[in-house]
Amino acid sequence: MQDGPATEENPTTMADLDVVRTAVAEAVVRVEELEDDTRRKIPDRSISVLVTDLDLAWAGRFERGHLVDVTEIDPAQARSAAFRLRMPSDVLVDLIEDRISFGTAWSKGRLRVDAGFRDVLSLRAFL
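Everything quoted here is computed from the prediction, not taken from an experiment.

Caption draft 1: Looking closely at the sheet that holds strand β3 (residues 66-73). The strand order β3-β2-β1-β4-β5 describes an open sheet built from five strands, whose pairing is mixed. Strands at the two margins of the open sheet, each flanked by one partner only, are β3 and β5 (112-114). On average, adjacent strands in this sheet sit at an angle of 20° to one another, irrespective of strand direction. Note that strand β2 (residues 56-63) and β3 share six bridges and pair antiparallel. For Ala57, the partnering residue across the bridge sits in β3 and is Ile73. Sheet strands touched by helix α1 (residues 17-33): β1 (45-51), β2 and β3. Its angle to β3, the strand with the most contacts, is close to 165°. On top of the sheet, helix α3 (residues 89-96) reaches β1 and β4 (83-87); it is set at about 110° to β4, its chief contact.

Given below as structure tokens:
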């Protein structure tokens, strides 16, 4: 990351593009490493991640507890997924590097989740 990790005093540090791409790949690996009981709670749905400060997006699908077909997409296409996550690059990297939890990032407004009410509830079941 440029200028180190984000802090409350410096919440807008931008991550390097290669670091972000590595973080997305690591997210796929982490889903595969979840326990079977946890993976069974993941609903079959499409997901997108919009990295707001880099104007980049990825999309994929949860299918039988696996995150599949993850590809970089045009940011405008990110709106069509059932789960839509929006965050700056530093938050994505901080999540993957365990410097911030999903709940903390969400509650502080650093991460936005757009989904139907049922989908949000099912999301909570496996986070």
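Caption draft 2: Highlighting the pattern of salt bridges. Applying the stated criterion across every chain, the model contains twelve salt bridges. Where Arg39 meets Asp36, a salt bridge forms, and the shortest distance between an N and an O atom there is 3.6 Å. With Arg39 and Asp36 both in helix α2 (residues 36-40) and three residues apart, the pair spans about one turn of that helix. The exposure class assigned to Arg39 is buried, which follows from its relative accessible area of 14%. Its salt-bridge partner being Arg112, residue Asp114 comes within 2.9 Å of it at the nearest N-O pair. The class of Arg112 is partly exposed, set by a relative accessible area of 46%.

Rules used throughout
- Residues numbered from 1 in each chain as written.
- Predicted model: local features only at pLDDT ≥ 70, side-chain atom pairs only at ≥ 80, totals over all residues.
- Heavy atoms only, no water.
- Pairing = 2+ DSSP bridges.
- Helix = DSSP H or I, 4+ residues; strand = E, 2+ residues; numbered from the N terminus.
- Axes fitted to C-alpha atoms, helices over the stretch in contact; angles between N-to-C directions.
- Contact = heavy atoms within 4.5 Å.
- Salt bridge = Lys/Arg side-chain N within 4 Å of Asp/Glu carboxyl O.
- Buried < 20%, exposed > 50% of the residue type's maximum accessible area, 1.4 Å probe, protein only.

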